[in-house]
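Below, each chain spelled out in residue letters.
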Amino acid sequence: MLQPILTYMACGYMGRQGSLSTCQLSEPLLWFILRVLDTSEALKAFHDMGGVQLICNNMVTSTRAIVNTARSMVSTIMKFLDSGPGKTADGNLKARVMTSEPDNAEGLHNFAPLGTITSSSPTAQPAEVLLQATPPHRRARSAAWSYIFLPEEAWCDLTIHLPAAVLLKELHIQPHLASLATCPSSVSVEISADGVNMLPLSTPIITSGLTYIKIQLVKAEVASAVCLRLHRPRDASTLGLSQIKLLGLTAFGNTSSATVNNPFLPSEDQVSKTSIGWLRLLHHCLTHVSDLEAMMASAAAPTANLLQTCAALLMSPYCGMHSPNIEAVLVKIGLQSTRIGLKLIDILLRNCAASGTDPASESHTAALMLEC
C-alpha cells in the first residue's frame, strides 16, 4: 500500500530534483494517506522508504508557487495597518473594519466611508457627502452632490483614496433618483494599488438612465485608490449623485470567521492541494507516535529551505487555523540540534525585522523562541 503512495508523491521529481512540478493532494486522498500512516509500523516503513523527505520536498516546492516571502509595499500596508506614522489612527481604522457589519450576504464591507474623495475639477463642490454610510432620502429634491459641466467638458473625475489597500470586488453608485436625467451617461473605473499609478479596469460602461449603478469586477483587485470617471449626461449639463460604495475585503482580516462568507478564501479541498496538505502530513509524521518523533524529525531537518518555508506559511493570512501545526513542526525540527535551533531563531527574528514588528509582540515568534 505504501509503495503506490510514494510513487505518486514522487511524480513531480522523477530524477529532476528541485523541479517546481509537484503532485496535488485532494482532501479525500490526504485523509486516506493519514489513515494508512496510522500505526507505528506503517510510519517506520514510510520513513525507511524515504517518505518523509518526499513530503518535505513537495511542501517546499508547492509553497514557492503560492507564497512570496519577499516584502512588497502593498502587502506591508495591508498587513501592518498600525505600524509607522499614524499608528493610533490606523489601528482604530482596522478595528472599525473588523467590527463593522457586512453590507451584503457575501460578507463584503463598504470601505468608502473610511476614505477621502477629491475631484479633478477645481470648480466642483466637496464630495465627502457621497462617502457617507447612509444614503440620503430617496425622495430628496436635490442631489447630495452635483456638478455643472462647462460647455467643453466631457467628464469629471472623482478619486477616492483609502487609508490602506483592500481587495476591491464591487463599486456601487447611487444617482439622484428624483432626476435621472442627471445620471452619468457612462462610467470608467481606474484603480491604483500604491495610490499613485492608476490602471484602467475596463472601457466606459453605459449607465444613462439607470436608477442604480453596480459594477462588479471580474476578480478581486488590490486597491488603495479608485478613480471614477463620470461622463457628461446625455440630456443635461448637470451631474447628480447620492452615494458611492466601495465593497471588498481586507486582505489580512479575520478570514477564518464563520460569520463572514469570504469569496477569496480557498475551500478546504483547495487548501489541501497546496502546501498546507503537505504540512498536515508532515505534522502527522512528526507527532503521531512519540517514540518515532526524533527519527522523523532527523529525516526532515536536512531538507533545504524547509525552515524558511514553514516560517513563510506562519506569516500567510490563509494559514491562521493551521498555525499550531506549523509551530509544532518548527519546534520538532528546531530541537534536533543547536545549529538548527539557532538558525530557526535567526529566521524568525529576520522575518520580524523585515516587517517592522517587535518579536516579543508576535505570539508565534515568541512562543517558538522560548521552545527552542
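Summarised in this report is the structure supplied together with it.

What counts, and at which threshold
- Residues numbered from 1 in each chain as written.
- Predicted model: local features only at pLDDT ≥ 70, side-chain atom pairs only at ≥ 80, totals over all residues.
- Heavy atoms only, no water.
- Helix = DSSP H or I, 4+ residues; strand = E, 2+ residues; numbered from the N terminus.
- Contact = heavy atoms within 4.5 Å.
- Phe/Tyr/Trp six-rings, centres within 6.5 Å; stacked < 30°, edge-to-face > 60°.
- Buried < 20%, exposed > 50% of the residue type's maximum accessible area, 1.4 Å probe, protein only.
- Polar contact = N/O pair within 3.5 Å; in protein donor to acceptor, adjacent residues only side chain to side chain.
- Pairing = 2+ DSSP bridges.
- Salt bridge = Lys/Arg side-chain N within 4 Å of Asp/Glu carboxyl O.
- Core = buried A, V, L, I, M, F, W, Y, C linked by side-chain atoms within 4.5 Å.

1. Considering unusual backbone geometry
Phase 1: The residue Asn305 is not glycine, and still its phi comes out positive at about 65 degrees.
Phase 2: Along the chain, Asn305 turns up in the loop between α9 (293-300) and α10 (306-315).

2. Concerning the side chain of Asp157
Phase 1: Tracing the backbone through its elements, the reader meets Asp157 in strand β4 (residues 155-175).
Phase 2: In this structure, Asp157 is in contact with Thr118, Ser119, Ser120, Cys227, Leu228 and Arg229, ignoring residues within four places of it in sequence.

3. Topic: the packing of aromatic side chains
Phase 1: A full pass over the atoms with the stated rule returns two aromatic pairs.
Phase 2: Note on Trp145 and Tyr147: the rings are 6.3 Å apart at their centroids and 5 degrees apart in plane angle, and the pair reads as stacked.
Phase 3: With a centroid separation of 5.1 Å and an interplanar angle of 80 degrees, the aromatic rings of Tyr147 and Phe149 are classed as edge-to-face.
Phase 4: The class for Tyr147 is buried, based on a relative accessible area of 3%.
Phase 5: You can call Phe149 buried: its relative accessible area is 4%.
Phase 6: Among the aromatic residues, those joined into a cluster by ring pairs are Trp145, Tyr147 and Phe149.

4. Some thoughts on the environment of Gln125
Phase 1: Looking at the secondary structure, you find Gln125 in the loop between β2 (116-119) and β3 (145-148).
Phase 2: Expressed as a C-alpha distance, the spacing of Gln125 and Trp145, which sit 20 residues apart in the sequence, is 7.6 Å.
Phase 3: Here the side chain of Gln125 touches Ser146 through a polar contact of 2.8 Å, landing on its backbone oxygen.

5. Considerations on the pairing of β4
Phase 1: Counting buried residues in β4 gives 18 out of 21 residues, a clear majority hidden from the surface.
Phase 2: Across four bridges, β2 lies against β4 in antiparallel orientation. Bridge pairing in β4 links Ile117 to Ile160.
Phase 3: As judged from the 14 bridges shared by β4 and strand β8 (residues 213-231), these two strands associate in the antiparallel manner. From the neighbouring strand, Trp155 faces β8, where its bridge partner is His231.
Phase 4: Of the pairings in the sheet, the one linking β4 to strand β9 (residues 238-249) comprises eight bridges and is antiparallel in character. Each residue of the ladder has a partner; that of His172, found in β9, is Lys245.

6. Quick word on the pattern of salt bridges
Phase 1: Under the counting rule described, the total for this entry stands at five salt bridges.
Phase 2: Between Arg280 and Glu27 there is a salt bridge; the shortest N-O distance is 3.2 Å. Of this pair, Arg280 sits in helix α8 (residues 275-287) while Glu27 sits in helix α2 (residues 27-36), and the two are 253 residues apart along the sequence.
Phase 3: Given the relative accessible area of 19%, Glu27 is considered buried.

7. Quick notes on the nonpolar core
Phase 1: Among the nonpolar cores identified, the biggest contains 48 residues, and Met9, Leu281, Leu282, Leu306 and Ile333 are the most heavily contacted of them.
Phase 2: Top contributing element to this core by residue count: α8, with seven residues.
Phase 3: Those residues in contact with Leu306 that sit more than four places away from it in its chain are Cys56, Met59, Val60, Leu282, Ala300 and Ile333.
Phase 4: Leu131, Ile160, Ile173 and Val189 belong to the second-largest nonpolar core, a separate cluster that totals 34 residues.

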